[in-house]
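The primary structure of each chain is shown beneath.
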Amino acid sequence: MSTNMYANFTVRDSCTKEDIAREEQWTLSYDIGVPAKQMFNIIYGTLVYIILCCMIHVYFLQKDIPAPALKDTFWRRIAKSKEFWYRVTFLVLFVVWGCFNLETSCQSCWEEVDDQCDNWRLIFWYGLALIITSNISSRPIEFYMGEGVSYMQTLRFYFKGKALPTTEEIDSVATGQSAEVLQGNVRFWTLMPSVFITWIFAKSIFNSANLGGMYGMWGGVAYASWYVSFFTAGIVCYLLRVRFGHKSMASAVYKNYGVVGILFYSICVCFRLFNEIWSNATVIGSFYGSSGSSGYWGACWVSTLIPAVYVVMGGMRASLFSDVFQAWFAVVFLIIVLGAIGTDKTFTDNTGAFSYKPAAGWYDDGWWACFVGGLLQGVLSYPFFDPVLTDRGFLGTPKTMLLSFTVGGTIAALFIFWYAVIGVYGTYYHEYFGSAAVCGCKGGLPKAASALCPTDWNPCARISSTNGDSAFAAWVLGHQTNPALEVFVNFIMITASMSTLDSTFTSWAKLVSLEFGGWLKLAGDNRSIMGPLRPQDVQNIGERHLTLARAAIVVLMLVGVAFLGTEKDAMAATSSAGTMVMGIGAPIWMMTAWRVKSETRKGWVQAPLAFAAPVIVGFIFGYLYYNDGKDGKGVTYDDLIVGEKDGKPFSYSRFLGTNIIGHAVCIGVFFVFFAFHQLFPKVWFWRLQEVELDKDADVVIGVGLKSSAQEQGKGGGKDTGGEEKEISL
């Protein structure tokens, strides 16, 4: 960080020359702003923690301390718990070392730089709570499916001496000893909050506020249109499960579209998960400093590191547990923030969220173009490339899942709508303080201050912020009402970000270790075939898969945040990304009506090009939309405009036109290639199989290995009870 940027700043009296030098060199000289001092503190702290954990482990081995038992007293059960001592060690180290570094580095040495200590304390203590209470998953059924011993069962064991479920009882959920456990054991009050909060992205509420700043409360309605995705995903996943017995979206795609289909599907999923990392991180960073500042980069890295840590520990189980609390926290704090806005007399006495209109008018009258475009994506394609949503579509029983998606989706849409109030509030004060009748803000200072302009704080310091900016609205709200309210808005953002990121990491871990890793035949995979694994295939998932999953999480965290050196527009992660994958919709919807092979009729054969071709076409449309938007000209400006006023297109006219025409073309391309495969099934590089039902728990899909084919030849090629049933190409 260069000293020149501070040349005209005033140094605080409490800062020494060493403090100033430390802040000037707070980050390494990279565009990705790695916080040097804090990074090394994290590294040193981690090494110290590992050494202490090794000492605890050795002590337990030397003393031959057995596991806690029912006959032990409460204190003896605690003392015998190795995990308890691991957590206590982490807590002490985190609090002592972390608090010291936090309090000595959160305040800037320059008076002109905002003090973000309260926000840093929030992310510090919240992150500690999430990590210290996280589950530790050592078995596939826990890491991938979220099943296992619950916290209530653990508490009853330690406090009341109640027996814990056995390993066999937990494994029965995956092996399917009854219809109920086969379909999952995640209950409504766990799944519904998880479904709701995982789609309350930080970027989503950020975008809702921005649209509120552009169109008022109609902006909230516009962004909520994407949340019809809950109902779309719920219906599709329900039909795939009850009609065809599919256990995951990836296995369904693989069975209907083969290797080519799963390849293109996986690329779309990777694209989505990568987007989620940087788009959520940049929103959190905006609360801690201007884009590119040390505070911005520090918040981006820390807010991503925290969910990465507890998901590496517990996988899906840790994600589901944290989601329940994060969902209710987000709702409660939004209600508090909206109530505080209602107490701001300067705002409520002059206008209201539903009645306010800027003197110059709203951005344009095209909120409906955004609404229709979002609705189109939400119904036809958008939810299918987000495994954060579709993975949960295969948890719980089908009825529980569908109810969870319906209720959770409704709550999420309402949350997004009401968050637009914060955008309207920020826009009002952007105009209010900027007017010559109040402060006449110019260059960050009041130039025509009247009696209405505050004197105990400078409302013009961040007046250049974009209309609807949540960070600006939170900053003003804290000064107009209570300073804690700024932290509360930040808390909503952090909760939304971390709940999304932990779900993103779990989906990424499953994609890399099972759906990609299933082709690698890692140790523990006992199948005679190669192909994607499902979370339910616990008998074929080994330690190598779990190690690969955890390593993949770390890689995605590093690459995702580093990408912020290139792109920081969070809205692009929704509009452009959703447009690029519009081709995925028709193939996924078609799977719900697929004619499968039975004793009385033939089934439709796999249709690889019917998946690949529309995805490629959709990507072309999406890329043109994104690239033309950066250049301000191109084919999407010339030929794909829908909606205008007085000869001038709306801001979202190009988005709407691209999606209407693009979806129509993609659907047409799908049916052309689907018909081609059904009419000419032999015109392909290998024989295309008729698709069959996937009802048996022991069905394993994949490409047969050469050795297994020889073995089957010796056995006459007949299936016998308990043997793997191969769906070859």
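Residues numbered from 1 in each chain as written. Predicted model: local features only at pLDDT ≥ 70, side-chain atom pairs only at ≥ 80, totals over all residues. Heavy atoms only, no water.

## What to know about the confidence of the model for the protein
Under the convention used in this document: As a per-residue measure, pLDDT tells how confident the predictor is, with possible values from 0 to 100. Elements are defined by DSSP. Helices are runs of H or I of four residues or more, strands are runs of E of two residues or more, and each kind is numbered from the N terminus. It only takes one pair of heavy atoms within 4.5 Å for two residues to be counted as in contact.
Predicted confidence across the protein gives a mean pLDDT of 84, with 86% of residues reaching 70 or more. Averaged over each element, pLDDT in the protein is lowest for helix 28 (residues 706-714) (40) and highest for helix 24 (residues 585-591) (97). Per-residue pLDDT stays below 50 along residues 176-183; that stretch engages in 16 contacts with residues further than four places along the chain or on separate chains. Low pLDDT, under 50, characterises residues 706-729; the predicted model gives this stretch 33 contacts beyond four residues in sequence or across chains.

## Re the packing of helix 15 (residues 294-343) against helix 21 (residues 484-516)
Put simply, the rule is: Helix axes are fitted to C-alpha atoms over the stretch in contact, other axes to C-alpha atoms as well, and angles between N-to-C directions run from 0 to 180 degrees. Left-handed is the label given to a crossing in which the near helix is rotated counterclockwise from the far helix by less than a right angle, and right-handed is the label when the rotation is clockwise. Under the scheme applied, nonpolar residues are Ala, Val, Leu, Ile, Met, Phe, Trp, Tyr, Cys and Pro; charged residues are Asp, Glu, Lys and Arg; polar residues are all the others, including Gly.
It is the contact of helix 15 with helix 21, at a shortest axis distance of 6 Å, that shows an interaxial angle of 145°. Our pair here, helix 15 against helix 21, has a crossing hand that is left-handed. Per-class residue counts for the contact of helix 15 with helix 21 are 21 nonpolar, 10 polar and two charged.

## Observations concerning the packing of helix 17 (residues 367-380) against helix 27 (residues 653-679)
Threshold: Angles below 35 degrees are treated as roughly parallel, those above 145 as roughly antiparallel, those between 65 and 115 as roughly perpendicular, and all remaining angles as oblique.
Packing of helix 17 against helix 27 leaves a shortest axis separation of 8 Å and a crossing angle of 30°. Considered as vectors, helix 17 and helix 27 are oriented roughly parallel to each other. When the axes of helix 17 and helix 27 are compared, the crossing they make is left-handed. Only S653, F655, L656, N659, I660 and H663 of helix 27 make contact with helix 17, whose side of the interface consists of W368, A369, C370, V372, G373, G374, L376, Q377 and L380. A class-by-class count of the residues in the contact of helix 17 with helix 27 yields nine nonpolar, six polar and no charged.

## A closer look at helix 5 (residues 117-132)
Given 3.6 residues per turn, any residue in an α-helix points the same way as the ones three and four places further on. The cut-off we apply is this: For a helix, the expected span equals 1.5 Å multiplied by the residue count minus one. In this scheme, a residue with accessible area under 20% of its type's maximum is buried, one over 50% is exposed, and one in between is partly exposed, where area comes from a 1.4 Å probe on protein chains only.
If you check helix 5, its first and last C-alpha atoms are 22 Å apart, about what 16 residues at 1.5 Å a residue would give, namely 22 Å. Among the 16 residues that make up helix 5, 12 are buried, leaving the element largely enclosed by the rest of the structure. Within helix 5, burial applies to C117, N119, W120, L122, I123, F124, Y126, G127, L128, L130, I131 and I132. Those residues of helix 5 hidden inside the fold are in contact with helix 4 (82-103), helix 15 and helix 21.

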